[in-house]
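Spelled out, the chains give:
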Amino acid sequence: MTSQLERRYSYSEPPQRVQEVLTDPEYLRDKLRTVGGPRAELVSREEDQHGITIVAHQGVPDGALPSFLRSTLPDGLTVRRTETWTSSGASMHADVDGVPGTITGTMSLQPDPGGSVLSMHLEARVPLPLVGGKVEKAITDGVGRLMDTEYQFTLQWLRDSAAT
């Protein structure tokens, strides 16, 4: 069983500019510091002829976890996220410490009359009998909130960088 998450975000900038920002090391550090939670860090950012690979850790405090997970993860959890960007978009893979599951997905940036649209399709898979679906739902709900927060942060970043 898997739980799926779809998001679409509109930007007033063209796709190339949005991708430049989403993969910029300064932006990534600021985003993680602002919305990444406890223990958040940019682990690496590597660029080669194939694209840009970003590895980041993000923390989820125990207070943000559903009650049925708090007892098993009293210190919260850490999400280890890898994004691989190419000219056509990105693939994403994340593991969650303490939970035997993964989050995978794709992101696509497309031109739009107003600038661009970032479309995301993510799937959470937690192979646990009886509670796997419940954990997947908690993960996709949490990731959805995080993506919405990151979107708002990115809009502000774009506004601030245009002003300078």
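Let us look at the structure shown here. Given the structure is predicted, the values throughout are model-derived calculations rather than measurements.

This part is about empty space enclosed by the protein. Taken as a whole and assessed by the stated rule, the structure comprises three cavities of 30 Å³ or more. Reported here for the largest cavity is a volume of approximately 140 Å³. In terms of lining, the largest cavity is formed by 15 residues, of which the most central are Leu 22, Arg 81, Leu 118, Met 120 and Glu 150. By residue number, the principal contributor to the lining of the largest cavity is helix α4 (residues 132-163), which donates four residues. Partitioned by chemical class, the residues of the lining of the largest cavity number 10 nonpolar, one polar and four charged.

Attention now goes to the nonpolar core. Counting residues in each nonpolar core, the largest one holds 38 residues, and the members touching the most others are Tyr 11, Trp 85, Ile 103, Leu 118 and Ile 139. Looking at this core, the element that brings in the most residues is α4, giving nine residues. Residue contacts for Tyr 11: discarding those within four places in its chain leaves Val 18, Gly 114, Gly 115, Ser 116, Leu 118, Tyr 151, Thr 154, Leu 155 and Leu 158.

Attention now goes to helix α2 (residues 25-35). Every buried residue of α2 is accounted for by Tyr 27, Leu 28, Asp 30, Lys 31, Leu 32 and Val 35. Between a side-chain oxygen at the N-terminus of α2 and the backbone nitrogen of Glu 26 the separation is 3.0 Å; the capping residue is Asp 24.

For the coordinates displayed, the defined rule picks out five aromatic pairs. Judged by centre distance (5.3 Å) and plane angle (75°), the ring pair of Tyr 11 and Tyr 151 falls under edge-to-face. A residue pair is termed long-range when its members are at least 10 positions apart, and Tyr 11 in strand β1 (residues 3-11) and Tyr 151 in helix α4 qualify at 140 residues. With relative accessibility at 15%, the residue Tyr 151 sits in the buried group. Relative to Trp 157, the ring of Tyr 27 has its centre 5.5 Å away and its plane inclined at 75°; by these criteria the two rings are edge-to-face. Linking Tyr 27 in helix α2 with Trp 157 in helix α4, this pair joins segments that are 130 residues apart in sequence.

A word on the environment of Thr 86. Assignment of secondary structure puts Thr 86 in strand β4 (residues 77-86). The sequence separation of Thr 86 and Gln 19 amounts to 67 residues, and the corresponding C-alpha distance is 9.3 Å. Excluding its chain neighbours within four sequence positions, the residues that come into contact with Thr 86 are Gln 19 and His 50.

Calculation criteria
- Counting restarts for each chain, with residues numbered from 1 along the sequence as it is written.
- With pLDDT at 70 or above as the cut-off, local features in this predicted model cover only qualifying residues; side-chain atom pairs require 80 or more to be listed or tallied, and sums for whole chains, interfaces and linings still use all residues.
- Note that water and hydrogens are dropped before the side-chain values are worked out from all heavy atoms of the structure.
- Using only the protein atoms, space was sampled on a 1 Å grid; points where a 1.4 Å probe fits but cannot get out form cavities, open sets with protein on both sides within 12 Å along at least five of seven lines form pockets, and lining residues are those with an atom within 4 Å of a point.
- Grid points are joined across faces, edges and corners, and a volume is the space filled by probe spheres set on the points.
- The numbering of helices and of strands both runs from the N terminus, where a helix is a DSSP run of H or I of at least 4 residues and a strand a run of E of at least 2.
- Each residue gets one label: Ala, Val, Leu, Ile, Met, Phe, Trp, Tyr, Cys and Pro are nonpolar, Asp, Glu, Lys and Arg are charged, and the others, such as Gly, are polar.
- Each nonpolar core is a collection of buried residues, namely Ala, Val, Leu, Ile, Met, Phe, Trp, Tyr and Cys, held together in the definition by side-chain atoms within 4.5 Å.
- For each residue, the accessible area found with a 1.4 Å probe, counting protein chains only, is set against the maximum for its type, and the residue is called buried under 20%, exposed over 50%, and partly exposed in between.
- By definition in these notes, contact holds between two residues if any of their heavy atoms fall within 4.5 Å.
- Here a polar contact means two N or O atoms within 3.5 Å. Within protein one must be a hydrogen donor candidate and the other an acceptor candidate, and residues neighboring in sequence count only if both atoms are side-chain atoms.
- Here a Phe, Tyr or Trp ring, Trp counted by its six-membered ring, pairs with any other such ring whose centre lies within 6.5 Å, and the pair is stacked when the planes are under 30 degrees apart, edge-to-face when over 60, and tilted otherwise.

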